[in-house]
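For reference, the chains in residue letters:
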Amino acid sequence: MTENRNKETVKKFLASLPDNHKIQCVTMDMWQPYKDAVIDVLHDVPIVIDKFHVVKELNKALEDIRCTLRKDIEKDKRISLKNMRFLFLTVSENLTPRQSKQLDFLLEIYPQFKTPYYLKEAFRNIYQFAETKEEAEKMYTNWVQANKNEDCHAYDGFISTVANWHTEIFNYFNNRYTNAQTESLNNVIREIDRAGRGYTFPVLRAKILYRHITAKKGKFSF
């Protein structure tokens, strides 16, 4: 746990790791200093962008689309769109039968949302069904072409992001790792930091590193 995520700080941390020459893969979000630090210290070790962060960027684009299209709908009709954000962004297989029917109903009433929504789902299928990097890249190429065919420019920014991190994003299909555990720990850190309301970094770091030990002794609390 480091005080910041600047390139030099990350480089120093990576260099200090014992047996860092044994590291076979590094997962991260799309933060350029992380990538630069890994390349400088670990050189040719594959970098994988966690799929969670890729889909998160995709959902941001979809949310922008939803908000833009919603503005063009008469105010007295917007009440029926109350739950659309949740239905739009929730993983389709996690929707209940009732929610799926509600989403289908909304897409029929407001067909302008159909293309963005189904393109979002089509992109997610890459992670679900592609078995190799080559297959994933082919599916993605077809997805980009589908955007062009539908004349849908709403995902242009997302497509640019993928282009900038193409190698790292598609490395996932050769190295199927995520940093889900790290993200979970980050959430715990945020909760403790909020509860502390101004902990200094050394205090926050100590609480995180020793929380399990002190918790076992019955002395730890948020």
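Above this text you will find the structure in question.
Below is a short write-up of the structure. (Residues numbered from 1 in each chain as written. Predicted model: local features only at pLDDT ≥ 70, side-chain atom pairs only at ≥ 80, totals over all residues. Heavy atoms only, no water.)

### With respect to the nonpolar core
Then comes step 1: Counting 50 residues, the largest nonpolar core has Phe123, Tyr140, Trp143, Tyr155 and Phe158 as its most contacted members.
Then comes step 2: Broken down by element, the residue count for this core peaks at 6 residues, all from helix α3 (residues 51-71). (Core = buried A, V, L, I, M, F, W, Y, C linked by side-chain atoms within 4.5 Å. Buried < 20%, exposed > 50% of the residue type's maximum accessible area, 1.4 Å probe, protein only. Helix = DSSP H or I, 4+ residues; strand = E, 2+ residues; numbered from the N terminus.)

### Remarks on the packing of aromatic side chains
Then comes step 1: Counted by the stated rule, this structure contains 16 aromatic pairs.
Then comes step 2: Considering the side-chain rings of Phe123 and Trp143, the 5.3 Å spacing of their centres and the 65° angle between planes classify their relative orientation as edge-to-face. In this pair, Phe123 is assigned in helix α6 (residues 114-129) and Trp143 in helix α7 (residues 133-149), connecting sequence segments 20 residues apart.
Then comes step 3: For Phe123, a relative accessible area of 4% gives the class buried.
Then comes step 4: Residue classification places Trp143 among the buried positions, given a relative accessible area of 4%.
Then comes step 5: Cluster of aromatic residues (ring-pair linked, three or more members): Phe123, Tyr127, Tyr140, Trp143, Tyr155, Phe158, Phe170, Tyr172 and Phe173.
Then comes step 6: Lying over the aromatic face of Trp165, Lys35 brings its terminal NZ or CZ to 5.2 Å of the ring centre. (Phe/Tyr/Trp six-rings, centres within 6.5 Å; stacked < 30°, edge-to-face > 60°. Lys NZ or Arg CZ within 6 Å of the ring centre and 35° of its normal.)

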